[in-house]
Structure formats: structure tokens, C-alpha cells
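# Structural overview for review
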Amino acid sequence: MKNTYEEYHNHLKKLADINHSIAVLSWDKEVHLPKDGANFRSRQVATLSALAHEQFTKPKFGELLQNLSEKKGLNSKQSKNIRLSLKEYVKATKFSEEFVIKRSKLVSAAFHSWIKARDENNFDLYAEDLGRLIEIKKEEAEIIGYKSHPYDALLDQYEPGMTCSELDALFSNIKPQLIDLIKRINQKDQVSDEFLRTKFDKDEQWEFGLELLRQMGYNFDAGRQDISTHPFTISFSPQDVRVTTRIDENDFSNMTWSCIHEGGHALYEQGLPIEEYGLPTGNAISLGIHESQSRLWENQVGRSKNYWTANYPSLKKRFPQLSSVSLDNFYKAINKIGPGFIRTEADELHYHFHVMIRYEIEKRIFEGSLSVEEIKNTWNDLYEEYLGIRPTSDIKGVLQDVHWAHGGFGYFATYSLGSFYGAQFYAKAEEQITGLNDQIRSGDLTLVKSWLSENVYIHGRLYEAQELCERISGEKLNVSYFMNYAKEKFGAIYGL
Ligand code: ZN
């Protein structure tokens, strides 16, 4: 090997080719795969994953990284890439092949038990396999290493640099404020939204979703939309970023905000720097920052009065049953506040309690103060404490999310971080873009997209999450941006 940066980049491009091929197979699995195809598809993905791991952890590649990290004359972006790859390399080589195989078997067992437990609405059928998976995740945290809390090691995989103590501070700051705001809302007249759950023609919904994506600036020459059970975004390169949605004939909200949400993720992926393909800086920063992009579009833009001033006439044309509903009432309905059991159906305020509950449970599991047997009751107790409702079944409670069955401990907090970052970024966009709201009211969203492109997308992973936040807003993540947004918006809707 010649130990050049070019050689390093070429190796990573090949790895990206393998990883994106895995992504194509995974996308196909969710969108088109016939039932009998599942077995071989899992095998094909496992083979390619093992190949990618083998190529990435090759000792020769390690030497190349080591040499380049000591080499003078690299620019700051190149040095950053080498640093990030070296960190990944060191982490990846800490795990024995035996450990990786064992972990993937435990994930697969837990996932199948979770499916079975859901079918029978019985957490106990899943508890044993979940317990085994938790044990190996504890081992994983020890292998990765951490400074003060084992959970930090898991968190770092989704949100690099974030720690338990920072999250504790964020949540304990926002919790009493949310409780207070919801309490004041509950004392007011409630909003009616039943007209959102009449029959909405599926084809019209599909066409409307495409219209919204086009309006956001999603490039259909570099992507497409399909239907899947759970909406998601997946990238094969910035020039091919796919989104999916689901359509419920009796619930208009489902498709609409999932389209806008996934569209926000997709714009980020389409906007990443093409010439950095394969390099760390060719990727998004973290799950929290990714989620900030989807939520900013979904909530700050897509649930605003300005946005619907532009889009409501077209919506009414497609769905005449709304013709007697005023824009004002429609706007209130799509922002209705009320507690519920299901995280993915939660409003903008209650959402964070769903996250806090999962976060508290995960933290207790990994500090060893909560056993698998206690998870279900703790879950139900916390719902009663925070949301005032006790899940009536396991499906509506502890079995609702797939994340744990995939071994995704440390993931949930990134959803709340996304909302908080999103609110902070949007507040700055409103300050910096003159006439932003007038533009949105006229149906022109180009300024939102171009601002995000310049401030977020084109940097890829050049900055850490908090660093990007400081560059954009002059300070680190500060939840008062989210709270100010929430107080102003819901204060106006509920007349507080
Ligand atoms: Zn998302």
C-alpha cells in the first residue's frame, strides 16, 4: 500500500458500495419481497455484512489509517475523516467474530419472540430472549468502554458525544415545563378532530403526498416513493434516496405527516456532498441531527398555519368532505393535544414522555437496577405517572416498538433530541431569512430547503452535533427554543 489519502478513500468507496447494496436488499425486503424470499434474503444480507466487516477490519487498512493519522500535510477535513475512521476501526476490531455471530443470533431470536409476543399480546413470551439480548448488550458496553455510565457506550453509537448526564439535565429541565403546559391546555376547551378520521380515498392521498414531497424540493430523479408497513427513508447514494409511506383510508394524518417527515430525512440525504461518497464526512452527523431535519419539516413547517394557508385549498379540492371545515379548525385539529398509549401517534408535547419513559427504563436496565421481569410493570407505572393512563394491553404498552428486539438500546433519546435541535435551528432560520413566513404562506418552500442545505446538508459529518448547533445558533443545544415554540404555538391554539 502507498499509504495515501486517495488509497484510503478508494477503500471506503468500495465499502460504501457493499453497504449500499445491503441497503438495496433491505429496501426491497420491506417493499417488494415475496413471503418465501425472506430466508435467502437474510442469508444474502448476512454474507454481504460479513464481507463489509472483513474489509473494514483488515489489519492492512488499520496500518494505513495509523500511518495517515501521523502524516503531516492533510487538510482539516481529511484529518477529521481519518480520525473518525480510526475511531470506528478501533471499535470494530474490539469485537471477536464469535461475539458478533452470537449477538446477531440473539437479535434474531429476540425479534422472532417479539413478533410472537405481539401476536399473542403477551410480553412473557418475549421476556426470556430479551433478557439474553440485554446481557450481551451489557457485554458490548463493557467492550466498547465508557467514562462514567455503561449506557453512554450504547448512546454514543447513535448520538456520538451524548451522555446520560447531559440527557438527564435536558429531560429534568423540560419535564416540569411540559407537565405545566399540558395541565394548562387541559383546563381549556378541547379541540375537535373527528373530521380527520372520515374516509379519505387512497389514490387521492397518494397523489397528495407526492405533491407535498415535490413542493419540499425532494428530487424524484434521485429517488422514489413506495408503500411499506412502517414509513422509512433509505439512501443508496445522494443520487438515489428512497422514501416510503403508508396509507390508512380512515386516517388522513397518517400518510400526510409521514410523507413530510420522511421527506425531511430524504432532503438531508440528497443534500450530502457527493464527492465525499464513502467518507465519514459524506454521511449525516447523528440520528438526533437526522431527526431534527425530519421534525423541523414535519412540525415547524408542516403543522404551521402558514404551510396550510398554501396547501389547504388543494387538500379541500381532493377531499370535498373538508369543504365545510375552516382553515382555522383544520389547523387546530392537526395540532390537537391529548395523551395516548402509542409513541408514533403522539402529539408534539406528549411525545417526549414516551421517550423519557423508554430512556429511564433503559438507563435502569444498564445500571443494573431493573430486571427484565420488572420492565412491563415499570412501563405501565410510568405511563400512569407521566401520562395519567395505564396501558390496557402489552401491544399498546411495552411491546409497541421494535427497537429493543433489534438490540437498539440507546436509540429512543435521539427522537427527542431531534425535536429540540429542530426547534433551535428553525428559530435561527426564521431570524435569518427575511420573508420566510410570507414565502411559506405562498407555497414556496425553496428558502427553507436552501437554508438547511447551506447550514446542515453540505457539511456532512464534518462537525459534531453540538458543534453544528453552535455554528448555527451560537450556543449548544438549549431546550428553551423548543419550549418557547411550544408555548407560543399551543398558547395561541388553546387561548392560554
Ligand atoms: Zn424520523
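Located above this text is the structure these notes cover.
Here we summarise the structure given alongside this text. Think of each chain on its own: its residues are numbered from 1, step by step along the sequence as written. Residue-level local features of this predicted model are given only where pLDDT is at least 70; pairs of side-chain atoms are given and counted only at 80 or more, and the full residue set underlies all totals for whole chains, interfaces and linings. The basis for the side-chain values is all heavy atoms of the structure; hydrogens and waters are excluded.

## Here we look at the sheet that holds strand 1 (residues 225–227)
Strand order across the open sheet formed by three strands is 1-3-2, with mixed pairing between neighbours. Two strands close off the open sheet at either side, each with one partner strand: strand 1 and strand 2 (233–237). Across the sheet, the mean angle separating the axes of adjacent strands is 25 degrees when strand polarity is ignored. For two strands to be treated as a pair, DSSP must find at least two bridges joining them. In DSSP terms, a helix is any run of H or I states spanning at least four residues, a strand is any run of E spanning at least two, and both are numbered starting from the N terminus. Of the pairings in the sheet, the one linking strand 1 to strand 3 (residues 240–245) comprises three bridges and is parallel in character. Note that in strand 3 the partner of Gln225 across the bridge is Val243. Against the sheet, helix 1 (residues 5–31) makes contact with strand 1, strand 2 and strand 3, and its axis sits at roughly 145 degrees relative to strand 2, the strand it touches most. Those strands touched by helix 10 (residues 252–270) are strand 1, strand 2 and strand 3, and its axis lies near 165 degrees from that of strand 3. Simply put, an axis is a line fit to the C-alpha atoms, just over the touching stretch for a helix, and the angle between two N-to-C directions goes from 0 to 180 degrees. Any pair of residues with heavy atoms lying within 4.5 Å of one another is described as a contacting pair.

## Describing the nonpolar core
The tendency in soluble globular proteins is for nonpolar side chains to be buried side by side. What we call a nonpolar core is a set of buried Ala, Val, Leu, Ile, Met, Phe, Trp, Tyr and Cys residues that are connected through their side-chain atoms within 4.5 Å. Exposed residues in this analysis have more than 50% of their type's maximum accessible area, buried residues have under 20%, and partly exposed residues fall in between, with area computed by a 1.4 Å probe over protein chains only. Counting residues in hydrophobic clusters, the biggest one holds 127 residues, and the most contacted among them are Tyr126, Phe252, Trp297, Phe330, Ile375 and Trp404. In this structure, Phe330 is in contact with Phe195, Leu196, Phe252, Trp308, Tyr312, Leu315 and Val325, ignoring residues within four places of it in sequence. Val45, Leu64, Leu68 and Leu279 belong to the second-largest nonpolar core, a separate cluster that totals 18 residues.

## A word on the environment of Leu212
Note that Leu212 resides in helix 9 (residues 202–216). As for Leu212 and Cys259, which are separated by 47 residues in sequence, their C-alpha atoms are 7.6 Å apart. Beyond its immediate sequence surroundings of up to four residues, Leu212 is in contact with Thr256, Ile260, Tyr307 and Asn311.

## Examining the pattern of salt bridges
Salt bridges are identified by distance alone: a Lys or Arg side-chain nitrogen within 4 Å of an Asp or Glu carboxyl oxygen. The tally for this structure, following the rule as stated, stands at 30 salt bridges. Lys77 serves as the salt-bridge partner of Glu276, at 3.2 Å between the closest nitrogen and oxygen. Here the residue Glu276 occupies a position in the loop between helix 10 and helix 11 (287–301), and Lys77 occupies one in helix 4 (residues 76–92), the gap between them amounting to 199 residues. Owing to a relative accessible area of 8%, Glu276 belongs among the buried residues under this scheme.

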